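# Observations on the model geometry
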Amino acid sequence: MGEALELRDAGLTRSIGVSNFLVPHLERLVAETSVVPAVDQIELHPAHQQRDVTEWAGAHGIRIEAWGPLGQGKYDLFGAEPVATAASAHGKTPAQVVLRWHLQKGNIVFPKSVHRARLEENLDVFGFELTDAELTGIDALDPSDGSGRVSAHPDEVN
Ligand SMILES: NC(=O)c1ccc[n+]([C@@H]2O[C@H](COP(=O)([O-])OP(=O)(O)OC[C@H]3O[C@@H](n4cnc5c(N)ncnc54)[C@H](OP(=O)(O)O)[C@@H]3O)[C@@H](O)[C@H]2O)c1
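Residues numbered from 1 in each chain as written. Predicted model: local features only at pLDDT ≥ 70, side-chain atom pairs only at ≥ 80, totals over all residues. Heavy atoms only, no water.

### Let's talk about the nonpolar core
Judged by nonpolar contacts, the single largest core of 29 residues is most densely connected at Val53, Val83, Val97 and Leu130. Residue assignment for this core shows that the elements contributing at least two residues are helix H2 (23-33), helix H3 (51-59), strand E3 (63-67), helix H4 (81-90), helix H5 (94-105) and helix H7 (132-139). By residue number, the principal contributor to this core is H5, which donates 5 residues. (Core = buried A, V, L, I, M, F, W, Y, C linked by side-chain atoms within 4.5 Å. Buried < 20%, exposed > 50% of the residue type's maximum accessible area, 1.4 Å probe, protein only. Helix = DSSP H or I, 4+ residues; strand = E, 2+ residues; numbered from the N terminus.)

### As for the site of the ligand
Residues in close proximity to the ligand total 20 residues, the closest being Gln41, Leu70, Gln72, Ser113 and Arg118. Between a nitrogen atom of the ligand and a side-chain N or O atom of asparagine 122, the distance comes to 2.8 Å. Considered on its own, the ligand offers 910 Å² of accessible surface; in the complex 73% of this is hidden by protein. Take the shell around the ligand: its biggest share by element is 3 residues, from helix H6 (residues 116-123). Along the lines of polarity and charge, the residues of the shell around the ligand split into 8 nonpolar, 9 polar and 3 charged. (Near = heavy atom within 4 Å. Polar contact = N/O pair within 3.5 Å; in protein donor to acceptor, adjacent residues only side chain to side chain. Areas by Shrake-Rupley, 256 points an atom, 1.4 Å probe, with all protein chains shown as cover. Nonpolar A, V, L, I, M, F, W, Y, C, P; charged D, E, K, R; others polar.)

### Details of the side chain of histidine 45
Looking at the element boundaries, histidine 45 is found in the loop between strand E2 (39-43) and H3. What makes histidine 45 buried here is its relative accessible area of 0%. A distance of 2.9 Å separates polar atoms of two side chains, one belonging to histidine 45 and the other to tyrosine 75. Ignoring any residue separated from it by four or fewer positions in sequence, one finds histidine 45 in contact with Gly68, Pro69, Gly71, Tyr75, Trp101, His102, Gly148 and Val150. (Contact = heavy atoms within 4.5 Å.)

### Details of the packing of H2 against H3
In helix packing, the relevant descriptors are the interaxial angle and the interaxial distance, both defined with respect to the helix axes. It is the contact of H2 with H3, at a shortest axis distance of 9 Å, that shows an interaxial angle of 30 degrees. Taken together, H2 and H3 sit at an angle that is classed as roughly parallel. Seen from H2, the contacting residues are Val23, Leu26, Glu27 and Val30; seen from H3, they are Asp52, Val53 and Trp56. Its residues placed into classes, the contact of H2 with H3 shows 5 nonpolar, no polar and 2 charged. (Axes fitted to C-alpha atoms, helices over the stretch in contact; angles between N-to-C directions. Parallel < 35°, antiparallel > 145°, perpendicular 65-115°, else oblique.)

Here it is in structure tokens:
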């Protein structure tokens, strides 16, 4: 963080972003440096919504950027009933429904694909809107005990 502060103070960068910061990390950052990051990039998808982080970030004006927005393909997100039903209702793919859910929740998304057709599909998510009931149905896919995480806990990574 020291280097980022030096760059900002030298006018070489305007904003500071962080990745994989959970609430205790954000609290410590603000307390020790007074920096409120512009963005926090965290694992976030329907089975792992990290509501404590998103609420804290929202209250402090920090944008959430969801990595693994499609769950990295590590669980059957696309076959989950609320996702599949919304996809049928809107004539969209399950991936588009999940990305639309992110956008309507206020998340920044950057899904990864090595296939051009999927890249184009993942960009085509601005012409429809999920209903409140559809959003609520997808919200309910989080088991709320952290078990929906598909990658390592940030405290367990060097
Ligand atoms: N900050 C961090 O610690 C951190 C950690 C992990 C990842 N990231 C970043 O997060 C970004 C995206 O996350 P991610 O790659 O981990 O996971 P993701 O975007 O949730 O999932 C990628 C997987 O979904 C598949 N996929 C993408 N679009 C699809 C579609 N329309 N239909 C069906 N399958 C689709 C991809 O397969 P195909 O490629 O075969 O299409 C790939 O297997 C990456 O750029 C990565 O660098 C950051």
